[in-house]
Amino acid sequence: MDELVANPIDRIGGRAVVEAIVDDFYARVAADAVQRAIYPESLEPGIRKLKLFLVQWLGGEPLYSDLYGHPRLRRRHFPFVIDELAAGRWLRYMREAMTVQGVSAEEQAAIFKGLGPLAHHMVNANEDIPREPLGDIRMV
Ligand code: HEM
């Protein structure tokens with residue numbers, strides 16, 4: 001039965017599971033002082049946006065792009081200083097959150113084939129790039 005479900009999002013249990021994963025992931029970020037320091041004072045906007053984005057990235061409805069346009073993730077992360085350690089922690093907390101929320105090892109293997117390179121692509125700590133806040137801008 002499971003192999004008949006085409007999208008990763010459906011295979012892992014739909015939007016509710018993605019939202020639980022993001023809540024769990026952010027609780028881990030909040031508990032790590034070094035990782036937490038990268039984020040703004042309020043974690044709420046990031047929580048909301050990561051939920052919308054992951055639904056879309058896992059093959060669900062384009063909830064994120066409907067509101068903000070093209071993800072342009074690397075550009076949107078410019079205001080935040082991200083080094084290799086931060087990328088590694090991001091991936092570790094995402095893995096832990098998915099495991100706790102019941103995503104199988106097989107599904108995780110497929111998902112992290114994409115997320116691994118994506119997280120490392122976000123590293124920008126030693127770059128001379130604009131660090132101004134971007135807020136909720138819509139990108140094309
Ligand atoms: C590599 C380590 C990463 C760190 C340290 C990091 C950190 C952050 C921070 C600090 C924000 C800003 C939250 C806010 O504006 O309130 C953010 C936003 C976001 N992150 Fe990451 N992130 C990382 C990797 C990723 C990856 C791999 C993805 C995609 C799977 C991702 C998806 C997003 C999305 C969609 C947003 C919202 C962008 C917007 O519309 O402003 N991040 N991230």
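Just above, that's the structure.
Described below are features of the structure shown in this document. Residue numbering note: each chain is counted from 1, following its sequence as written. Local features are withheld for residues below a pLDDT of 70 in this predicted model, meaning they are given only at 70 or higher, and side-chain atom pairs are given and counted only at 80 or more; totals for whole chains, interfaces and linings count all residues. Side-chain numbers here rest on the full set of heavy atoms in the structure, without hydrogens or water.

1. Considerations on the nonpolar core
Okay, so step 1: Definition used in this section: a nonpolar core is a set of buried Ala, Val, Leu, Ile, Met, Phe, Trp, Tyr and Cys residues joined via side-chain atoms within 4.5 Å. Exposure categories follow from relative accessible area, calculated using a 1.4 Å probe and restricted to protein chains: below 20% of the type maximum is buried, above 50% is exposed, and the middle band is partly exposed. If you look at the biggest cluster of nonpolar residues, it comprises 37 residues, and the most contacted ones within it are Phe25 and Met94.
Okay, so step 2: The residues touching Phe25, leaving out its near neighbours within four places in the chain, are Tyr39, Leu50, Trp90, Tyr93, Met94 and Ala97. A contact between two residues is defined here by any heavy atoms of the two lying within 4.5 Å.

2. Overview of the site of the ligand
Okay, so step 1: Think of it this way: one heavy atom of a residue within 4 Å of a molecule or strand is enough to make that residue near it. Every one of the 22 residues lining the ligand counts as a neighbour, but Lys49, Tyr64, His77, Phe80 and Trp90 are closest to it.
Okay, so step 2: His77 places a side-chain nitrogen or oxygen 2.8 Å from a nitrogen atom of the ligand.
Okay, so step 3: Whether a set of points on the 1 Å grid over the protein atoms alone is a cavity depends on a 1.4 Å probe fitting there but being unable to get out, while an open set qualifies as a pocket with protein on both sides within 12 Å along at least five of seven lines; lining residues are those with an atom within 4 Å of a point. Whether a molecule lies in a cavity or pocket depends on its atoms, and more than half of them have to be within 2 Å of the grid points. When atom positions are compared with the pocket grids, the ligand is found to occupy the largest pocket.
Okay, so step 4: It is helix H4 (residues 44-57) that provides the largest number of residues to the shell around the ligand, a total of 5 residues.
Okay, so step 5: Residues that form the shell around the ligand fall into these classes: 17 nonpolar, 3 polar and 2 charged. Residues adjacent in sequence count toward polar contacts only when both atoms are side-chain atoms; beyond that, a polar contact is any pair of N or O atoms within 3.5 Å, and within protein one must be able to donate a hydrogen and the other to accept it. Numbering of helices and strands starts at the N terminus; helices are DSSP runs of H or I of at least 4 residues and strands are runs of E of at least 2. Polar here means any residue other than Ala, Val, Leu, Ile, Met, Phe, Trp, Tyr, Cys and Pro, which are nonpolar, and Asp, Glu, Lys and Arg, which are charged; Gly is therefore polar.

3. A word on unusual backbone geometry
Okay, so step 1: Of note in this structure, Arg72 is not a glycine but carries a positive phi near 35°.
Okay, so step 2: With respect to the secondary-structure elements, Arg72 resides in the loop between helix H5 (63-68) and helix H6 (73-76).
Okay, so step 3: The partly exposed category is assigned to Arg72, whose relative accessible area is 38%.

4. Comments concerning helix H2 (residues 15-30)
Okay, so step 1: By this rule the span expected of a helix is its residue count minus one, scaled by 1.5 Å. Look at H2: 22 Å from first C-alpha to last across 16 residues, which is about the 22 Å you get at 1.5 Å a residue.
Okay, so step 2: Those residues of H2 that fall on the buried side of the exposure criterion are Val17, Val18, Ile21, Val22, Asp24, Phe25, Tyr26 and Val29.
Okay, so step 3: On its buried side, H2 packs onto helix H1 (8-12), helix H3 (33-36), H4 and helix H7 (84-100).

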